[in-house]
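# Observations on chain architecture
Listed below are the residues making up each chain.
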Amino acid sequence: MASSTIPYGKQQITEDDIQAVVASLQSDFLTQGPMVNEFEEAFARYVGARYAVAVANGTAALHLSTMALNVKPGQRVITSPITFAASANCVLYCGGDVDFADIDPKTYCLDLNRVEDLLKKNPKKYSGIIPVDYAGHPIQADAFRALADRYGLWIIEDACHAPGASFLDAQKTVQRSGNGKYSELSIFSFHPVKHIASGEGGMITTNDQKLYQRMQKLRTHGITKDPAQMARNDGGWFMEMQELGYNYRIPDMLCALGNSQLKRAEANFKRRQEIAKRYDHELKDLPVVLPYTAPDSVHAFHLYVIQTAQRRELYDFLKTKNIYAQVHYIPVHQHPYYVERYGKQQFELSDAFYNQCLSIPMYHSMSDEEQTRVVGSLKEFFAR
Ligand SMILES: *Cc1c(COP(=O)(O)O)cnc(C)c1O
């Protein structure tokens, strides 16, 4: 009998999720109903931020963030090569440009020291930093904050991989990724492979009320209907378009799904820890580099990334076993668009990491049997 397919990641939809969406469909709101607010408030509570703005997807969250921080042509922003292209693209959407800095060889997140090298060389060149909690490993956000403050920069934390992750700051306080304490804005995605799935969906969290209000407006064309914010008021129908925004709204039924999923986030987070622990144990004698977690940090394990010199062969071998591993990521600077825009660039650690990395299956609904199959196939490959 052919064995079922095991992907690197996937969503889990429960009966509760289905009921939540059905209830939303039976309500008066297909888009912009009460579930949007409910999801925003519950999500803000989950990560420990004051405000949250739900949007169409994670990329829209990044774009609204660069808009709200006034990225303009001529400005430059630093990000990691090892991320999804959207972390860099959002700067280009606003006419700005991106400089990459290499990754930390252990956490694979943007290396604070490499960022500092760029800033020292050109203290006035940059406007902001977009660090990424790669694979779910939290960035040391307080250290990024201290550096950003020395150079007058803002921070957008791309926390798509890290809802629930945490680290210990210099005051020995536990801080959740995306809680708004050390970054102006943090963004999340609810794409099906992420921890919380709504189909398409995204969230921006912040502790800054002005940025919060501005993003609410930019999400819907730059229009406000709040009389307190309008210059004039012709009557009950009146609204003002005050700046150029977009339609980045997320429908009520998707927020109903996201909100229902969020109720299981804590349990799913624990399940990912469990799966990671078993991988750590079962793969420890194989000739692969296993994921690292910094002391006092809690890794969210969106991905479980191993490194092997035989990456290509292993990828192909797993595929013959119906196990679909994936590579995260092709470094952004290697994509043809970026090569054309900035020329051929090299980042030693990012390029080396890309040549060896492989994300093996990691999703909270993975069964013990499925994991046994993955582990068995890995052992079989390296025993050949
Ligand atoms: C998924 C992801 C995004 C984009 O999110 P979408 O909802 O797919 O637009 C951005 N950055 C990172 C790191 C991601 O993993």
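Residues numbered from 1 in each chain as written. Predicted model: local features only at pLDDT ≥ 70, side-chain atom pairs only at ≥ 80, totals over all residues. Heavy atoms only, no water.

### Considering the packing of aromatic side chains
As enumerated under the stated definition, the model contains 20 aromatic pairs in all. Aromatic pair Tyr-246 and Tyr-248: ring centres 5.2 Å apart, planes at 5°, arrangement stacked. Residue classification places Tyr-248 among the buried residues on the basis of a relative accessible area of 17%. Between Phe-317 and Phe-381, the aromatic rings sit 5.4 Å apart at their centres with planes inclined by 50°, giving tilted as the arrangement. Linking Phe-317 in helix α10 (residues 311-320) with Phe-381 in helix α13 (residues 368-383), this pair joins segments that are 64 residues apart in sequence. With a relative accessible area of 11%, Phe-317 lands in the buried category. The class for Phe-381 is buried, based on a relative accessible area of 2%. An aromatic cluster of three or more residues is present, and its members are Phe-84, Tyr-108, Tyr-134, Tyr-329 and Phe-353. (Phe/Tyr/Trp six-rings, centres within 6.5 Å; stacked < 30°, edge-to-face > 60°. Buried < 20%, exposed > 50% of the residue type's maximum accessible area, 1.4 Å probe, protein only. Helix = DSSP H or I, 4+ residues; strand = E, 2+ residues; numbered from the N terminus.)

### Quick notes on a nonpolar patch on the surface
Together, Ile-13, Ile-18 and Val-22 give the surface a local cluster of nonpolar side chains, amounting to about 210 Å² of exposed area. Considering the arrangement of structural elements, one finds Val-22 in helix α1 (residues 15-25). (Patch = residues over 30% accessible without salt bridge, like charges linked within 9 Å, V, L, I, M, F, W, Y side chains within 5 Å. Areas by Shrake-Rupley, 256 points an atom, 1.4 Å probe, with all protein chains shown as cover. Salt bridge = Lys/Arg side-chain N within 4 Å of Asp/Glu carboxyl O.)

### Focus on the state of the cysteines
Within the structure shown, the criterion is met by zero disulfides. Of the cysteine sulfurs around Cys-94, a residue in no disulfide, the closest is that of Cys-90, at 7.5 Å. On the basis of relative accessibility, which here comes to 13%, the residue Cys-94 falls in the buried class. Summary of cysteine pairing: Cys-109 is not part of a disulfide, and the nearest cysteine sulfur, belonging to Cys-160, is at 13 Å. (Disulfide = S-S within 2.5 Å.)

### A word on the pairing of strand β2 (residues 76-79)
As paired strands, β2 and strand β3 (residues 97-100) are joined by four bridges and run parallel to one another. Across the sheet, the residue bridging to Ile-78 is Asp-99, located in β3. Note on the crossover from β2 through helix α4 (residues 86-93) to β3: the handedness is right-handed. (Pairing = 2+ DSSP bridges. Right-handed = clockwise from strand over helix to strand, strands pointing away.)

### A look at the nonpolar core
Val-115, Tyr-134, Tyr-279 and Tyr-304 are the most contacted members of the largest nonpolar core, which has 57 residues in total. With residues up to four places along the chain from it excluded, the contact list for Val-115 reads Ile-78, Ala-101, Leu-110, Ile-129, Phe-144 and Leu-147. Ranked by size, the runner-up nonpolar core spans 36 residues in total, among them Val-77, Val-91, Phe-100 and Cys-160. (Core = buried A, V, L, I, M, F, W, Y, C linked by side-chain atoms within 4.5 Å. Contact = heavy atoms within 4.5 Å.)

### Comments concerning the site of the ligand
Of all residues adjacent to the ligand, which total 14 residues, the nearest are Gly-58, Thr-59, Asp-158, Ser-189 and Lys-194. Between the ligand and the protein, one listed contact pairs an oxygen atom with a backbone N or O atom of Gly-58 at 2.7 Å. Lys-194 has a polar side-chain atom sitting 3.0 Å from an oxygen atom of the ligand. Protein chains shield 92% of the accessible area of the ligand, which is 380 Å² for the free molecule. Residue composition of the shell around the ligand, grouped by class: four nonpolar, eight polar and two charged. (Near = heavy atom within 4 Å. Polar contact = N/O pair within 3.5 Å; in protein donor to acceptor, adjacent residues only side chain to side chain. Nonpolar A, V, L, I, M, F, W, Y, C, P; charged D, E, K, R; others polar.)

### Things to note about the pattern of salt bridges
In the structure shown here, the tally under the stated rule is 18 salt bridges. Across the salt bridge formed by Asp-97 and Arg-341, the nearest N and O atoms sit 3.0 Å from each other. One end of the pair, Asp-97, is in strand β3; the other, Arg-341, is in helix α11 (residues 336-342), with 244 residues separating them in the sequence. Given a relative accessible area of 17%, Asp-97 falls into the buried group.

### Describing the packing of α10 against α13
Between α10 and α13, the shortest axis-to-axis distance is 10 Å and the interhelical angle comes to 130°. Taken together, the axis directions place α10 and α13 in an arrangement best described as oblique. Viewed along their axes, α10 and α13 form a crossing whose handedness is right-handed. On α13, the residues touching Glu-313, Leu-314, Phe-317 and Leu-318 of α10 are Ser-377, Leu-378, Glu-380, Phe-381 and Phe-382. For the contact of α10 with α13, a count of residues per class yields six nonpolar, one polar and two charged. (Axes fitted to C-alpha atoms, helices over the stretch in contact; angles between N-to-C directions. Parallel < 35°, antiparallel > 145°, perpendicular 65-115°, else oblique. Left-handed = near helix turned anticlockwise from the far one by under 90°.)

### Quick notes on α10
Along α10, the positions that sit buried rather than exposed are Arg-311, Leu-314, Phe-317 and Leu-318. Along α10, the residues classed as buried sweep out an arc of 125° about the axis, all on the same side. For α10, the exposed residues lying more than 90 degrees away from the buried face are Arg-312 and Thr-320. Looking at the packing, one finds that the buried side of α10 touches β12 (304-307), α12 (348-356), β13 (357-360) and α13. Within two residues after α10, Asn-322 carries a phi angle of roughly 65°, on the positive side. (Arc of directions from axis to C-beta.)

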